[in-house]
Structures are given as structure tokens and as C-alpha cells.
Amino acid sequence: MRLHTARWLLAPVRQLRTRRLMARHGPTLTYNTAWALITLHSTPDETPLVRAWARENPGAAPGIHHDQWPTLNKAEQQRRLKWLRRHGHSPIQLLQLDAGLIQSAGLHVLDWGRPPIPPKPNSTTPPSWSQTRKQS
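A brief look at the structure comes next. (Residues numbered from 1 in each chain as written. Predicted model: local features only at pLDDT ≥ 70, side-chain atom pairs only at ≥ 80, totals over all residues. Heavy atoms only, no water.)

## Here we look at unusual backbone geometry
One non-glycine residue, glutamine 96, lies in positive phi territory at about 55°. Of note, glutamine 96 is situated in the loop between α5 (91-94) and α6 (99-105). (Helix = DSSP H or I, 4+ residues; strand = E, 2+ residues; numbered from the N terminus.)

## Let's talk about the nonpolar core
In this structure, Leu21, Leu37, Val50 and Leu107 are the most contacted members of the largest nonpolar core, which totals 16 residues. Setting aside residues no more than four positions away along its own chain, leucine 21 makes contact with Leu29, Ala34, Leu37, Ile38, Pro91, Ile92 and Leu95. (Core = buried A, V, L, I, M, F, W, Y, C linked by side-chain atoms within 4.5 Å. Buried < 20%, exposed > 50% of the residue type's maximum accessible area, 1.4 Å probe, protein only. Contact = heavy atoms within 4.5 Å.)

## What about empty space enclosed by the protein?
Across all of its chains, the model carries one cavity of 30 Å³ or more by this definition. Surrounding the largest cavity, Leu84, Ser90, Gln93, Trp112, Gly113 and Arg114 form its lining. Residues of the lining of the largest cavity, tallied by class, amount to two nonpolar, three polar and one charged. (1 Å grid on protein atoms, 1.4 Å probe; cavity = no way out; pocket = protein on both sides within 12 Å on 5 of 7 lines; lining within 4 Å. Points joined across faces, edges and corners; volume = space filled by probe spheres on them. Nonpolar A, V, L, I, M, F, W, Y, C, P; charged D, E, K, R; others polar.)

## Some remarks on the pairing of strand β2 (residues 108-111)
Residues of β2 alternate between two faces, with Val109 and Asp111 buried on one and His108 and Leu110 left unburied on the opposite face. Pairing of strand β1 (residues 63-66) with β2, which is carried by four bridges, proceeds in the parallel orientation. Note that in β2 the partner of isoleucine 64 across the bridge is valine 109. (Pairing = 2+ DSSP bridges.)

## Here's the deal with helix α2 (residues 31-42)
For α2, built from twelve residues, the straight-helix expectation of 16 Å at 1.5 Å per residue is met to within 8% by its first-to-last C-alpha distance of 16 Å. If you check which residues of α2 are buried, you get Thr33, Ala34, Trp35, Ala36, Leu37, Ile38, Thr39 and Leu40. (Expected span 1.5 Å × (residues − 1).)

## So, the environment of histidine 108
Along the chain, histidine 108 falls in strand β2. Distance in space between the C-alpha atoms of histidine 108 and alanine 61 is 6.0 Å, their sequence separation being 47 residues. When near neighbours in sequence (up to four residues on either side) are disregarded, histidine 108 contacts Thr33, Ala60, Ala61, Pro62, Gly63 and His65. At a separation of 2.7 Å, a polar atom in the side chain of histidine 108 contacts the main-chain carbonyl oxygen of alanine 61. (Polar contact = N/O pair within 3.5 Å; in protein donor to acceptor, adjacent residues only side chain to side chain.)

## A closer look at the side chain of serine 90
Residue position: serine 90 is located in the loop between α4 (74-87) and α5. By relative accessible area, serine 90 is classed as buried at 1%.

## Examining the packing of α2 against helix α3 (residues 47-56)
It is at 9 Å that the axes of α2 and α3 come closest, and there the two elements cross at 160°. Considering the angle they form, α2 stands roughly antiparallel to α3. Like other packed secondary-structure pairs, α2 and α3 cross with a definite hand, here left-handed. The residues of α3 that touch α2, namely those facing Asn32, Trp35, Ala36, Thr39 and Leu40, are Thr47, Leu49, Val50 and Trp53. Residue composition of the contact of α2 with α3, grouped by class: six nonpolar, three polar and no charged. (Axes fitted to C-alpha atoms, helices over the stretch in contact; angles between N-to-C directions. Parallel < 35°, antiparallel > 145°, perpendicular 65-115°, else oblique. Left-handed = near helix turned anticlockwise from the far one by under 90°.)

## A few points about the pattern of salt bridges
Per the counting criterion, the structure on display carries four salt bridges. A salt bridge links glutamate 76 to arginine 79, with the nearest nitrogen and oxygen atoms 2.9 Å apart. Here arginine 79 and glutamate 76 lie together in helix α4, a separation of three residues that amounts to about one turn. On the accessibility criterion, glutamate 76 (12% relative accessible area) is buried. Of the residues examined, arginine 79 reaches a relative accessible area of 28% and is grouped as partly exposed. A salt bridge links arginine 80 to glutamate 76; the nearest nitrogen and oxygen atoms lie 2.9 Å apart. Separated by four residues within a single helix, arginine 80 and glutamate 76 lie in helix α4, roughly one turn from each other. Per residue, the accessibility class of arginine 80 equals that of glutamate 76, and both read buried. Beyond isolated ion pairs, a larger network of salt bridges with shared partners links Asp67, Glu76, Arg79 and Arg80. (Salt bridge = Lys/Arg side-chain N within 4 Å of Asp/Glu carboxyl O.)

What follows is the structure, given as C-alpha cells:
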């Protein structure tokens, strides 16, 4: 099967994965960025295609940037906490893409910032995120 034909046949699968990533991540992830991340994850051979798209659609500074936890509404904070307790990482981090690859591809990705870690009672040092995850 030719590569062009395979891409055309697999387009609905990539679109489904893109929409799932958007739903898991939340409203700050645009379709185009999610599509580019899914493309880099599922078919690394198409990195030049993502780079060409990013050059044609310049945006903010490339790289992974983090949003601020306190600026989120309560419902979004709870949704993210539930996800982090279950999976340990944001949906974008679960793709395990190299930050250098995202930067070199020219993508501006707004990932989840870290939630504030509440101090333990009777403790002078705050626990790490992994310790709070084990307690849940």
C-alpha cells in the first residue's frame, strides 16, 4: 500500500485520537496543536510535515509552557486533580514526546501546571507529588 493511501485511510483514527486528547486535556488545547502532537507521537516520520505546518501557522513562542493552577476555576482544578491521581501525568505528558522535538517542530504547547501541594499536618517539609499520589 502506498504511503499516501495509508495516510488517507488512517486519517479517521488520527482524528479520533486528536479529539480524545483534546477532551482529556481540556479547553486550552486547540485542534491543530492536538493534531500535531498526535502526529508526532504516532508517526514520527511525519515530523517534517508538522514543522512545515508550524512554519505556515506561526503562533506564540515554541516549546512547552505551563498554565497557572490558581487561575483555573474550581471545576477544572477538580477535574485535573482526579486525572492526576489516576494517571500521574497530564495527557500531553503521557504521550512521552521529547520537549526538544516539540520546540524544534515549532509548536507552542500549553500543558498543565503543577497543583499546589498541601503541607502535611505536623510536618515542616511539604510532601512530593508522588507521596501525595500514593496516599490517595
